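For reference, the chains in residue letters:
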Amino acid sequence: MSDRVIEIFDSTLRDGAQGEDISFSLEDKIKVAMALDKMGVSYIEAGNPGSNPKDMEFFKKMKEIKLKNSKLAAFGATRRFKTKVEEDSNIKSLLAAETDVIVIFGKAWDFQVKEVLKTTLEENLSMIKDLISYIKSKNKEVIFDAEHFFDGYKENSEYALKVLITAKEAGADVVVLCDTNGGTLPSEVSEIAKEAVKTVGGRVGIHCHNDIGMAVANSITAVEAGACHIQGTFIGVGERCGNANLTVIIPTLQLKMGYEALPKEKIVELTKTAKYIAEISNIKLLDSMPYVGASAFAHKGGMHIDAICKKSSSYEHIKPEEVGNDRRFLISEVSGKSTILKEIQKVFPNITRDSEEVGKITNRLKELEYEGYKFEGAEGTVELLIRKTIGKYKPFFELKHFKTIGEQPWNTKEFTSTALINVIVDDKNKMTAAEGDGPVNALDKALREALECFYPQLKEVRLVDYKVRVLDSESATGAKVRVLIESTDGIENWSTVGVSRDVVQASLIALVDSIEYKLLKDIEKKLKTYF
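Residues numbered from 1 in each chain as written. Predicted model: local features only at pLDDT ≥ 70, side-chain atom pairs only at ≥ 80, totals over all residues. Heavy atoms only, no water.

*Asks:* Can you walk me through the packing of aromatic side chains in this structure?
*Replies:* Note on aromatic pairs: each is described by the distance of the centres and the angle between the planes. Tallied over the full model, the rule gives 9 aromatic pairs. Summarising the aromatic geometry, the rings of Phe 58 and Phe 59 are spaced 5.6 Å apart at their centres and angled 70° between planes, so their arrangement reads as edge-to-face. Owing to a relative accessible area of 0%, Phe 58 belongs among the buried residues under this scheme. Both rings, one in Phe 396 and one in Tyr 455, keep their centres 6.1 Å apart while their planes meet at 85°; by these two values the pair is edge-to-face. Of this pair, Phe 396 sits in the loop between helix H14 (379-389) and strand E11 (398-407) while Tyr 455 sits in the loop between helix H15 (439-452) and strand E14 (462-470); the two residues are 59 residues apart in sequence, bridging distant segments of the chain. Here Phe 396 matches Tyr 455 in class, with each residue buried. Three or more aromatic residues link up through ring pairs in this structure, and these residues are Phe 149, Phe 150 and Tyr 153. We note Arg 4 situated over the ring of Tyr 259; from NZ or CZ to the ring centre the distance is 3.8 Å. Note that Lys 29 overlies the ring of Phe 58, its terminal NZ or CZ placed 5.3 Å from the centroid. (Phe/Tyr/Trp six-rings, centres within 6.5 Å; stacked < 30°, edge-to-face > 60°. Buried < 20%, exposed > 50% of the residue type's maximum accessible area, 1.4 Å probe, protein only. Helix = DSSP H or I, 4+ residues; strand = E, 2+ residues; numbered from the N terminus. Lys NZ or Arg CZ within 6 Å of the ring centre and 35° of its normal.)

Here's what the structure looks like:
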């Protein structure tokens, strides 16, 4: 293997699944595995077949699926204390998974050996040696995770290194240095990793947790110290504060340091894949996430935007399209005329700075900002507003009437909300009713139900974020509110905004914009495909 090639080992389906609020179904796990394989990561660690039936069922299913680029790995512990390798039920499950790669973890911290495993230091070494030798005899590739290696090294470096040497001599193909508690500093990683690489030689890996926010930095530092194998999760999910974020590590290695972490043609799919895995994980991809977040290439200040338009490198460290992301100019109170023009030209590229339309749109934006609107991060509403202001918009439906009802039956604690809505599409009238967990949720359901018979693609759309901001708190319960919602169809995300003294009406304004924006974008995609 070239010294400029880094093996990417993704543990989203194992370590990532230990993150709070993450629960992958069997179908979810298969989808994530296929997405990672498509990206070309070296290894996919998919779970512990001895720990739960779902993981074992996953491995059975994956026997029917041929991965094109990645190796599937099963994960498990060393043999139990005073138990023969061939008699250990967990090890039997590992082999039953029938993966070409097996990951074994063992203790590298003498404190953990004595106080957690309750065994001797020599017995721990025997447990590691016995299992690796046994697995290698089955013609498997073995990756050894030296758990708590950095904490162990700092307290007893001789023993921590002896664990690595034992694993290597037993036949481990890769020896991985684990910062299990996530509390090691980059300077410590640099020094200790250099010593480990020098001591054991061959393929050395790094596995970092993010408890002090250093997982990415520590992973990169380990590569500089000689590691050629990086473990992490694709969007940084994992137990406690998460694992090393591969969507940050991969482009840093490849675009900044000249390593090959993925096939060159796959880097451009990084943002799309990050969004896809976040969607399957049922979490919102942080806007602030480097490289792939919505704000990674977002610009707000007028002077910054003017500079970006002249030379993108003035405020961007790479071109967003290199990782499949987009540049965004945010419309706000600090935006200049060039910002608004850029937004207009996204829709109508022939409009110039001196066009009458620019003045009309600028004035309309200022009027709405005075009323309480804030268009920063609400690109869906901005595009619709541009089209409406210059007369280049035709609505997809007409909202004739809506009504919400909230009630709490006597002598019960249960509160229910119902929404009635009446829409017209192509002279066809449709009225629906729906119940929800509050008036906005009920209204959202009723509106979608009314429109889905005309626009079936709306079944794919759902809300991923909902924010309410009180604008004039001195008005107490009569205050004006601003509602910002984020929607997704599983592929793209977009945001819309509504303002009113009625939170339900403000929500409805944002919901209507969200649906109309989705329908508009679908038409544009069809036209691009056709022409």
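*Asks:* Would you mind showing me how to read the packing of helix H7 (residues 186-200) against helix H8 (residues 215-224) here?
*Replies:* Two measures define how a pair of helices packs: the angle their axes make with one another and the distance between the axes. At their nearest, the axes of H7 and H8 sit 9 Å apart, and the two run at 30° to each other. For the element pair H7 / H8, the angle class is roughly parallel. You can see that H7 and H8 cross each other, and the crossing is right-handed. Taken together, the residues of H8 that come into contact with H7 (itself represented by Pro 186, Val 189, Ser 190 and Ala 193) are Ala 217, Asn 218, Thr 221 and Ala 222. Class assignment of the residues belonging to the contact of H7 with H8 gives a composition of 5 nonpolar, 3 polar and no charged. (Axes fitted to C-alpha atoms, helices over the stretch in contact; angles between N-to-C directions. Parallel < 35°, antiparallel > 145°, perpendicular 65-115°, else oblique. Left-handed = near helix turned anticlockwise from the far one by under 90°. Contact = heavy atoms within 4.5 Å. Nonpolar A, V, L, I, M, F, W, Y, C, P; charged D, E, K, R; others polar.)

*Asks:* Before we go on, may I ask you to explain the nonpolar core in this structure?
*Replies:* A general feature of soluble globular proteins is that nonpolar side chains tend to end up buried together. If you look at the biggest cluster of nonpolar residues, it comprises 90 residues, and the most contacted ones within it are Phe 58, Phe 144 and Phe 149. Setting aside its immediate chain neighbours within four residues, Phe 58 contacts Leu 13, Leu 26, Lys 29, Ile 30, Ala 33, Ala 46 and Leu 72. Grouped together as the second largest cluster of nonpolar side chains are 32 residues, Phe 396, Leu 447, Val 481 and Leu 519 included. (Core = buried A, V, L, I, M, F, W, Y, C linked by side-chain atoms within 4.5 Å.)

*Asks:* What should I look at first to understand the sheet that holds strand E12 (residues 416-425) in this one?
*Replies:* Remark on secondary structure: sheet strands pair via backbone hydrogen bonds, oriented parallel or antiparallel. Read from one edge to the other, the open sheet built from 3 strands follows the order E11-E12-E13, with strand pairing classed as antiparallel. The open sheet has two edge strands, E11 and strand E13 (428-436), and neither has a second partner. Sheet twist, expressed as the mean angle between neighbouring strand axes with direction ignored, is 10°. Where E12 and E13 come together, 9 bridges link them in antiparallel fashion. The partner of Asn 422 across the bridge, within E13, is Met 431. Sitting on the sheet, H15 touches E11, E12 and E13, and the angle it makes with E13 is about 145°. (Pairing = 2+ DSSP bridges.)

*Asks:* When you look at unusual backbone geometry in this model, what are you seeing that I'm missing?
*Replies:* Most peptide bonds take the trans configuration, and most residues that are not glycine carry a negative phi. One non-glycine residue with positive phi stands out, namely His 148, at about 60°. The topology assignment puts His 148 in the loop between strand E5 (141-147) and helix H6 (149-170).

Take it as geometry only, folks, not as evidence of what the structure does.
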